[in-house]
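The lines below spell out each chain.
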Amino acid sequence: MFNLNSWSIVLIATFIIFLVPIGFIFSSLFSGFSENFYHIYEYVLIEYSINSFILLLGTISIAVFFGVGTAYLVSNYKFFGKDFFEWGLLLPLAVPPYILAYVFTGIFDSYGSANNIIRDVFGLPNEYIFFPNLRNLTGAIIVFGFTLYPYVYLVSRVAFKNISGSLNDAARVLGQTRLNAFFKVQLPLIRPAIFAGIALVAMETLSDFGAVEHFAIPTFTTGIFRTWYGLYDLDTAMQLASILLLLIFIFIYFERASRSKIRYSNKSDAMSPKKEHILDFSKGIVCSIFCLVPVMIGFLLPVAELVNWLFQQNFEIDSKYLVSVSNTLMVSFAAAFIGCLLALITNFSARINKSKTQSNINVFLSLGYGIPGLILAVGITKFFTTVDDVLLVDFELFITGSIFGLIMAYIIKSYALPNNLISSGYNKFSVAMDESAEILGAPKRKILQKIHAPLLRPSIFAASLLVVSEIVKELPATLVLRPFNFDTLAVSAYIFASEERMFEAAPSALSIVLIGLIPIFFLNKLIRESKEL
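Residues numbered from 1 in each chain as written. Predicted model: local features only at pLDDT ≥ 70, side-chain atom pairs only at ≥ 80, totals over all residues. Heavy atoms only, no water.

Engineer: I'm lost on helix 14 (residues 319-353) in this one. Help?
Structural biologist: Side chains three or four residues apart in an α-helix point the same way, a direct result of the helix having 3.6 residues per turn. Its 35 residues place the ends of helix 14 50 Å apart at the C-alpha level, agreeing with the 51 Å of an ideal helix rising 1.5 Å per residue. Two residues or fewer after helix 14 comes K354, characterised by a positive phi angle close to 50°. (Helix = DSSP H or I, 4+ residues; strand = E, 2+ residues; numbered from the N terminus. Expected span 1.5 Å × (residues − 1).)

Engineer: Can you walk me through the nonpolar core in this structure?
Structural biologist: Soluble globular proteins: nonpolar side chains tend toward being buried together. In terms of nonpolar packing, the biggest core is built from 159 residues, with F79, I99, Y102, I224 and L306 touching the most fellow members. Sequence-distant contacts of L306, defined by excluding residues within four places in its chain, comprise I99, V103, A506, A509, L510 and V513. (Core = buried A, V, L, I, M, F, W, Y, C linked by side-chain atoms within 4.5 Å. Buried < 20%, exposed > 50% of the residue type's maximum accessible area, 1.4 Å probe, protein only. Contact = heavy atoms within 4.5 Å.)

Engineer: It is not clear to me how the pattern of salt bridges should be interpreted in this structure. Could you clarify?
Structural biologist: Here the idea is simple: oppositely charged side chains can pair when their charged atoms come close. All chains considered together, the criterion is met by eight salt bridges. Residue E86 is joined to R157 by a salt bridge in which the shortest nitrogen-to-oxygen separation is 2.4 Å. Residue E86 is found in helix 4 (residues 82-88), and its partner R157 is found in helix 7 (residues 137-161); the two are separated by 71 residues along the sequence. Taken individually, E86 and R157 each receive the classification buried, so the pair is uniform in this respect. Of the charged contacts in the structure, one is a salt bridge between E504 and R501, with a shortest N-O distance of 2.7 Å. A relative accessible area of 33% means that E504 is categorised as partly exposed. Looking at R501, the relative accessible area reads 33%, which means it is partly exposed. Through salt bridges with shared partners, a single ionic network connects K82, E86 and R157. (Salt bridge = Lys/Arg side-chain N within 4 Å of Asp/Glu carboxyl O.)

Engineer: How should the side chain of H452 be read in this particular structure?
Structural biologist: Within the element layout of this structure, H452 appears in helix 20 (residues 444-455). Polar contacts involving the side chain of H452 include one to the side chain of Y426, which spans 3.0 Å. Ignoring anything within four residues of it in the chain, the contact list for H452 reads F348, R351, Y426, F429, D434 and I447. (Polar contact = N/O pair within 3.5 Å; in protein donor to acceptor, adjacent residues only side chain to side chain.)

Engineer: I would appreciate a short explanation of the environment of I142 in the present structure.
Structural biologist: Along the chain, I142 falls in helix 7. The contacts of I142, once residues within four sequence positions are left out, are I62 and F104.

Engineer: I tried to follow the packing of aromatic side chains on my own but got confused; where do I start?
Structural biologist: To describe a pair of aromatic rings, one takes the distance between the centres and the angle between the planes. Enumeration according to the criterion identifies 27 aromatic pairs in this entry. Plain terms: the ring middles of F26 and F249 are 6.2 Å apart, the flat faces sit at 35° to each other, and that makes the pair tilted. Taken together, the residues F26 in helix 1 (residues 6-27) and F249 in helix 12 (residues 234-260) connect sequence positions 223 residues apart. The class for F249 is partly exposed, based on a relative accessible area of 29%. Residues F33 and Y38 carry aromatic rings whose centres are separated by 6.4 Å and whose planes lie at 70° to one another, so their mutual orientation is edge-to-face. Accessibility expressed as a relative area gives 48% for Y38, which makes it partly exposed. Every member of this aromatic cluster is reached through a ring pair, and the members are F209, F225, W228, Y229 and Y494. (Phe/Tyr/Trp six-rings, centres within 6.5 Å; stacked < 30°, edge-to-face > 60°.)

Right under this line is the structure:
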């Protein structure tokens, strides 16, 4: 049942706005193919596909190995540093892949920090190169693997936490070693969670632009960008984007299907908490080193190098940096405010109308998190140019190249965060409260304003912070849709790095990392307190 009222109209309008850019992208498949498309199909499409597949396979391998391995250790054993690693293993989430790519370039180039240290320590000539250049596919796999493994760690950690201790005890009574119990009992139980984490890693890997572009690796995203900005062929870029978007949707379906299969122990099992095995000193040190490796590569090393660059250039706060910060915060908070407001209204509409259709639409709106920023930029640009040509040309107005497209992309990309948090907030108080207010004659607007909004204030605040932290890291959509001479922190870091001015990229890159630490607090709280993912 779908009740049409002012609240549901907002939901429908939001749905249409979210759907239009995607519709324009897929409509390009029916507009005919140009010579550029056939040229790409014949000469480079296979290269895009092979590179993307190898990158995907390598990244998933690293993410699963370290994500599941570290989650198992901190969930089942006590060892030195375990309390730190429980939340510290999430720290690489604060470092976008393109930032780690910039740092790796500076560290492992022929005259980078690592080779300079080796030459200085051992007194080797300047021509001697010990560490190989990582500006290649192997380096990209390392970058993605160690920045994205926390997705697998997070879901695996929560899944391990919710396995009843009685199951492990039963395996031990039947003569199974701890290693056999892991492979035969725990691993099969958390397999759906691992698959959900893999799908998230795959979506992030396929949608990245900054890292693969910096490493000069031909993939779908770099191909889309070069077709648009190199060949000036937006239609062919949209057709390539359609192919990539179909792959992304497959992984979105895979992730949601895997998540729906996750089952946790029932409450009666909570009477048998899992006992953590205390390791001896030698085994504990081995576990500590294993957990330290991804944290070191994915967070500590890049942050240390960025701080080193910052001091080497005698950084002083100048007007360009302040403008980048103000631009970033302006668009981030604007998108966070609008996104949270839309999420509040759409969830309120689904609640008061008791409509399954509206709830399903709201779930669909959350799928925007999986759409690459570059593809959103392509669709929004086509949408805005169409509006300019059809509706605004007579008024001598245009919206293409304005800040509206940038904010629209941010909202679509990050809508899942406020939607999920506000939806969870609504689940914490009964609909009987709404019914009581309606019996007392309160209009729906007053119910939202006086009852729901105050109760949801913590969820809205948390959602706003998470949205800001995600938007600050967004590079491809910002790079394409930003107004002329409108630089954000991500764009500033990209421009300096593309010009090999690594030291000058440090202030913006370090600011992005510091802001990216915001979600770590909420994710750590999720691990410790939640019984469901």
